[in-house]
Amino acid sequence: MKQEVVETIRKTLELLNRQWGLDSIPDIDIEIPKNEAMGDIATTVAMGLTKILKKPPRKIAEEIVDAIKTNIIPPLPVAMLRSNGSPAPFLKGGEGGFDIFESIEIAGPGFINFRFRKEFFHQELKKLLTKEHSSLRTDTGKGMKVQVEFVSANPTGPLHVGHGRGAAVGNALCNILKAAGFEVQKEFYINDAGLQVKLLGKSVWARYLQLLGDDIPFPEDGYKGDYVESIAKEIINKKGEEYRNKSFEECGGFFTTYAYKMMLANIAKDLKDFGITFDKWQSEKELYEKGHVQNALQNLRQKELLYEKDGAMWFNSTGFGDDKDRVVIKQDGEYTYFASDIAYHKDKLDRGFDTIIDIWGADHHGYIPRIRSALAAFGLPKEKFKVILIQMVALLRRGVPVQMSKRSGEFVTLREVVDEVGADITKFIFLTRRADSHLEFDIEVAKEQSSENPVFYVQYAFARISSIFRQAEERKGQGDDEDKRQCLALLTEDEELLLIKKLLQYPMVFEGSAISCEPHRITYYLQELAGMFHSYYNKHRVISDDAGLTDARLCLCKAVQIVLKEGLNMLGVSAPERM
RNA sequence: GCGCCUGUAGCUCAGUAGGAUAGAGCAACUGCCUUCUAAGCAGUGGGUCAGGGGUUCGAAUCCCUUCAGGCGCGCCA
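One numbering rule holds for all chains: residues counted from 1, following each sequence as written. Labels are handed out in written order, letters beginning with A for the chains and numbers beginning with 1 for the ligands. Local features in this predicted model are restricted to residues of pLDDT 70 or higher, and side-chain atom pairs are both shown and tallied only at a pLDDT of 80 or more, whereas totals for entire chains, interfaces and linings draw on every residue. To obtain the side-chain values, all non-hydrogen atoms of the structure were included, while hydrogens and water were left out.

**With respect to the environment of Val151**
Relative to the helices and strands, Val151 resides in the loop between strand 5 (145-149) and helix 6 (161-179). In this structure Val151 comes out as buried when scored by relative accessible area, which is 13%. Separated by eleven residues in sequence, Val151 and Gly162 place their C-alpha atoms 9.1 Å apart. Once residues lying within four places of it in the same chain are set aside, the contact partners of Val151 are Leu159, His163, Ala167, Phe188, Leu271, Phe278 and Ile359. The helix and strand labels rest on DSSP assignments: H or I over at least four residues marks a helix, E over at least two residues marks a strand, and numbering proceeds from the N terminus. Each residue is placed in one exposure class: buried if its accessible area under a 1.4 Å probe, protein chains only, is under 20% of its type's maximum, exposed if it is over 50%, and partly exposed if it falls in between. Working rule for contacts: check all heavy atoms of both residues, and any pair within 4.5 Å makes them a contact.

Now the structure itself:
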């Protein structure tokens, strides 16, 4: 739908440019008019040209529309036109050679509004039914390699709902990018080298001794969650009192490794049960072991971007837009967290990704400039690194905030929410907002199978259609799909054309969602589409005595189902046949 | 103090790379189930897009500023 208009405009502009003499033709912006009365699709290209051409926008729009119209008719044979030096007729987009536009009008300050003929909608609907998802996806990525790193929670405790939101967004984004022709790698970065995992190990060690009856103090700022005790108990079961009379220096390695691996396995399971898997789990520790951290710093040193000051090693990040330089090796000789992050992001580049997307909690936003400067130092253009910030989730229960405090160990885990509410609902709700927008998540409301719950609204539309098909089959054996599609011309009700139009808008929504890395656009679209279907369903009967019309309407239902399922798949949410 | 994000209907939020008369859901009110799933539909009301300047054919959107809220500003991770 978009393509036809863009092509028409582009060719027309090329033609007109013989008079205008511009160096290049501007980008052609296409939009769906807010108001149905304004047409099916519109372009603002005339307004955009006012500055360049120094003419009023409506005047330019007139020139464009005149040029389009004079080139529609007469439909001379292509060869004749070409020998004439004129462009081939470009509005015969219909497969039978019909004009695809019903009308082309100028409106407002200089919009050009296009209205398609019914035949065009029927033809496009048929394509959708035949090609299914290949007609819904755009090749935006063209095989570009993109890496998306998300969740990357410290393996020092269970995932909380905030991680869940990041997981849902990251997962959906990856689905979308893959469908949009990107080669995507989903990655989880494991902070298994720092002080935090060591502190976890120490916490488990202390609980272990306490459980065995030793009166030893719990580490300051240690992890106090119940899971720490569970791990300690498990160690007692497996190893008994083997480590009872040893200092943490002696057996800390065991406790630390055991504990974080345990937590990591938990995290992986939580994510799996949430319906999310990763292509790669990258260990920070491994970066050290393979010498990547040392190498990355060496690389910076060769570029003369490191310097020594106050007994520490600094990276000249201000040279790349950071507001202060950052320490990479501390006075005590230890690497900073930033050092391994530099190595990690360099490693991503070395692995050949064209674009790197990091999904972080919004509280890490201050970290962006330094990572950006590190990547810039290694030669990655600014626009190839993108950070998506995930805002906090405010968890509520019947409107009352549920407090989350990792310190006390009394925080609500992703698992608790998923177990109580369900994975589909949780994911969908996480995807109903822009990532960087605050999100209220009311557990009780989410659990209610009510109209307050948008996920049911969308799934219900899908299930309803499935039900219609079950009914249709019971009534009588229908012809095959190809036969039914012959009847599409019978779809002439306003609601039917609106629905088809909405279906044909999906690729634009999808493309926008991929380019902007905003999965929620699909969520909104699905709610709108489901709404239009419910409305149609209530006004018109699909199955009737009119066999042809029934077939046509079944086709329309099928198409709605295809798009609903495609969209839900992108979000990682299931499309149930029954509800 | 500096930086980033946010401020849109009573509530929760969209607003598609500056576009037309700013939208949806919820809440409130009124109707619709002996026919394909009422987890649904139809209808009604609801706005100083936080305030003020500016940029231009045109601003919720871009710039400046004020106010309010959130989050960052370690040789922590």
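**Digging into the side chain of Glu495**
Within the secondary structure layout, Glu495 lies in helix 19 (residues 494-516). Two N or O atoms form a polar contact when they lie within 3.5 Å of each other; inside protein one atom must be a possible hydrogen donor and the other a possible acceptor, and for residues adjacent in sequence the pair counts only when both atoms belong to side chains. At 3.0 Å, the side chain of Glu495 forms a polar contact with the side chain of His540. Beyond its immediate chain neighbours, meaning those up to four positions away, Glu495 contacts Tyr536, Lys539 and His540.

**Quick word on the pairing of strand 5**
Within strand 5, four of the five residues are buried, which leaves it mostly tucked inside the rest of the structure. In this scheme, strands are said to pair when DSSP sees at least two bridges between them. Relative to strand 6 (residues 183-190), strand 5 runs parallel, the two sharing five bridges. Residue Lys145 lies in a different strand from strand 6, and its bridge partner there is Glu183. For crossovers, right-handed means that the path from the first strand over the helix to the second runs clockwise, given strands pointing away from the viewer. Handedness of the strand 5-helix 6-strand 6 crossover: right-handed. Summarising the sheet, strand 5 and strand 11 (residues 355-361) pair through four bridges and their orientation is parallel. Pairing of Glu149 across the sheet is with Asp358, part of strand 11.

**Thoughts on the protein's contact with RNA strand B**
Taken together, 62 residues lie near RNA strand B, and Lys34, Phe111, Tyr457, Tyr460 and Ser467 sit nearest. If even one non-hydrogen atom of a residue comes within 4 Å of a molecule or strand, that residue is called near it. For RNA strand B, the fraction of atoms within 4 Å of the protein that belong to sugar or phosphate moieties is 65%. Within the side chain of Asn538, a nitrogen or oxygen atom sits 2.9 Å from a sugar or linking oxygen of RNA strand B. Contributing elements (two or more residues each) for the surface near RNA strand B: helix 2 (45-53), strand 4 (111-116), strand 9 (312-315), strand 15 (439-442), helix 17 (454-475) and helix 20 (520-539). The greatest single-element share of the surface near RNA strand B, amounting to nine residues, is contributed by helix 17.

**Some remarks on the packing of aromatic side chains**
Each aromatic pair joins two rings of Phe, Tyr and Trp (for Trp, the six-membered one) with centres within 6.5 Å, and gets the label stacked for planes under 30 degrees apart, edge-to-face for over 60, and tilted for any other angle. Taken as a whole and judged by the stated rule, the model has 29 aromatic pairs. Here the aromatic rings of Tyr243 and Phe254 are separated by 4.5 Å at their centres, their planes lie at 20°, and the arrangement is stacked. Of this pair, Tyr243 sits in the loop between helix 8 (226-239) and helix 9 (248-273) while Phe254 sits in helix 9, and the two are eleven residues apart along the sequence. On the basis of an interplanar angle of 80° and a centroid distance of 5.4 Å, the ring pair of Phe254 and Phe255 is categorised as edge-to-face. The exposure class assigned to Phe254 is partly exposed, which follows from its relative accessible area of 22%. Joined through ring pairs, the aromatic side chains of Phe315, Phe320, Tyr337, Phe338, Trp360 and Tyr367 make up one cluster.

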